[in-house]
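Results of the structural survey
Spelled out, the chains give:
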Amino acid sequence: MNPVTSFLVSVSLAVGAVLTYWVNPLLGLPFLVLAAIIAFSLKMANTWEKFVILRLGKLHSVRGAGLFAIVPVIDSVVAVIDGRIQTTAFNAEQALTKDTVPVNVDAIIFWHVHDAEKAALAITNYREAIDRVAQTSLREMIGLSMLTALLSERKEADAQLKESIGRKTAPWGISVGSVEIRDVAIPVVLQDAMSRQAQAEREKQARVILGSAEAAIAGKFVEAADMYAGHPAALQLRAMNIIYETTKERGATILIPSSMVDSLNPSTAPVWPNLQAPSP
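The rules behind these values
- Residues numbered from 1 in each chain as written.
- Predicted model: local features only at pLDDT ≥ 70, side-chain atom pairs only at ≥ 80, totals over all residues.
- Heavy atoms only, no water.
- Phe/Tyr/Trp six-rings, centres within 6.5 Å; stacked < 30°, edge-to-face > 60°.
- Helix = DSSP H or I, 4+ residues; strand = E, 2+ residues; numbered from the N terminus.
- Buried < 20%, exposed > 50% of the residue type's maximum accessible area, 1.4 Å probe, protein only.
- pLDDT = per-residue confidence, 0-100.
- Contact = heavy atoms within 4.5 Å.
- Salt bridge = Lys/Arg side-chain N within 4 Å of Asp/Glu carboxyl O.
- Pairing = 2+ DSSP bridges.
- Axes fitted to C-alpha atoms, helices over the stretch in contact; angles between N-to-C directions.
- Expected span 1.5 Å × (residues − 1).
- Arc of directions from axis to C-beta.

**Describing the packing of aromatic side chains**
In the structure shown here, the tally under the stated rule is two aromatic pairs. Summarising the aromatic geometry, the rings of Phe-51 and Phe-68 are spaced 5.4 Å apart at their centres and angled 75 degrees between planes, so their arrangement reads as edge-to-face. Here Phe-68 lies in strand β4 (residues 66-69) and Phe-51 lies in strand β2 (residues 49-55), a separation of 17 residues in the sequence. In this structure, Phe-51 and Phe-68 share a single accessibility class: buried. With a centroid separation of 6.1 Å and 85 degrees between ring planes, the pair formed by Trp-111 and Tyr-126 is classed as edge-to-face. With Trp-111 in strand β7 (residues 102-113) and Tyr-126 in helix α4 (residues 126-143), the pair connects residues that are 15 residues apart, well separated along the chain. A single burial state applies to Trp-111 and to Tyr-126, both of which are buried.

**A short note on the confidence of the model for the protein chain**
In this model, the protein chain carries an average pLDDT of 81, and 84% of its residues clear a pLDDT of 70 or more. Note on residues 266-280: pLDDT under 50 across the span, and 23 contacts to partners over four residues away in sequence or across chains.

**A closer look at the pattern of salt bridges**
Applying the stated criterion across every chain, the model contains seven salt bridges. The closest approach of N and O atoms between Glu-128 and Arg-132, which form a salt bridge, is 3.7 Å. Of this pair, Glu-128 and Arg-132 both sit in helix α4, four residues apart, which is roughly one turn of the helix. Since its relative accessible area comes to 43%, Glu-128 is described here as partly exposed. On the accessibility criterion, Arg-132 (45% relative accessible area) is partly exposed. The closest approach of N and O atoms between Arg-132 and Asp-131, which form a salt bridge, is 2.7 Å. Taking the relative accessible area as the measure of exposure, Asp-131 reaches 15% and is therefore buried.

**Comments concerning the sheet that holds β2**
The three strands lie next to each other as β3-β2-β5, forming an open sheet whose pairing is antiparallel. The sheet terminates laterally at β3 (58-63) and β5 (75-82), the two strands that pair on one side only. On average, each strand axis in the sheet is tilted by 25 degrees relative to the strand beside it, whichever way the strands run.

**A closer look at unusual backbone geometry**
In the Ramachandran plot, Gln-94 falls in the positive-phi region, its phi being about 55 degrees despite a non-glycine side chain. Counting through the fold element by element, Gln-94 comes out in strand β6 (residues 86-96). Even without a glycine there, the phi angle at Thr-100 is positive, about 55 degrees. For Thr-100, the location among the structural elements is in the loop between β6 and β7. Thr-100 sits in the exposed class, given a relative accessible area of 59%.

**Points about helix α2 (residues 25-41)**
Between the first and last C-alpha of α2 there are 24 Å, a value that for 17 residues agrees with the 24 Å anticipated at 1.5 Å per step. The complete set of buried residues in α2 reads Gly-28, Ala-35, Ile-38 and Ser-41. All buried residues of α2 lie within an arc of 160 degrees about the axis, which places them on one face of the element. Structural note: α2 exposes Leu-26 and Phe-40 on the side pointing more than 90 degrees away from its buried face. As for α2, its buried residues are in contact with α1 (3-23), β1 (42-45) and β4.

**As for helix α6 (residues 154-169)**
Given 3.6 residues per turn, any residue in an α-helix points the same way as the ones three and four places further on. Here α6 contains 16 residues, and its C-alpha end-to-end distance of 22 Å stays within 8% of the 22 Å for a straight helix at 1.5 Å per residue. Packing partners of the buried residues in α6 comprise β6, β7, α4 and β8 (174-185).

**Remarks on the sheet that holds β6**
Pairing within the open sheet is antiparallel, and its three strands lie in the order β6-β7-β8. On the outer flanks of this sheet lie β6 and β8, each paired with one strand and no other. If you compare each strand with its neighbour and ignore which way they point, the axes differ by 20 degrees on average. Looking at chain direction, β6 and β7 are connected through nine bridges and run antiparallel. Within β7, the residue paired with Ala-89 across the bridge is Ile-108. On the sheet, α4 packs against β6, β7 and β8 and is oriented at approximately 40 degrees with respect to β6. The sheet contacts of α6 involve β6, β7 and β8, and relative to β8 the element is tilted by about 140 degrees.

Shown next as structure tokens:
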């Protein structure tokens, strides 16, 4: 009983009791009857509720937010439908994917009743039906999906589930807002195999990148060799620069074959610090 009905009933009973006890029982009787009528006829729906009313077994009306009255005995409220967004969690255990891999999938669906009349009269228990339909649709989707697609294409799977479940629940006056897959669990053995496969793929990619780098470096060396072949002086300067870079550290001593020293033309080359050449 809502607060307004409770207050009116209490006032009517109080007035009837006072009149019956202090004045005349006949004067108090109408107030007692009025209290009973108010208790059975005056209803109040919250802003998110819909009351489905039958009159003599037939649909009479669907009443929304606020106070309203029904005819006692003749009218009856058969369902109070909550129009707010509801959530239902569901799962599928050991469901086989298209590539015959058993997976456990947890998901959640957001839905609301857009037609209270259908939700009350077209199906016995729409909440239980939503849970059953969601589980069935989830298993169907898993059976039509490859494991890799199920793991990587979550948004597509969510959209597919939303469309499938929404199509089945629409005749019951229920709209599906969204479906979200929360977790996909695969066997531990398969997890290890997939980890090794991913590691092998990364190693393969690293080797390919390294090979490409080696090929690029070799190409640059070929270009440099062609340039040095036509310009011996450039090769000599490059060799001298290498020696200089090598002896930049303090206390560094380098031994160079005499043939290499001769090729650098030591009569004109500058004398480098800490550079010693063994006698032939």
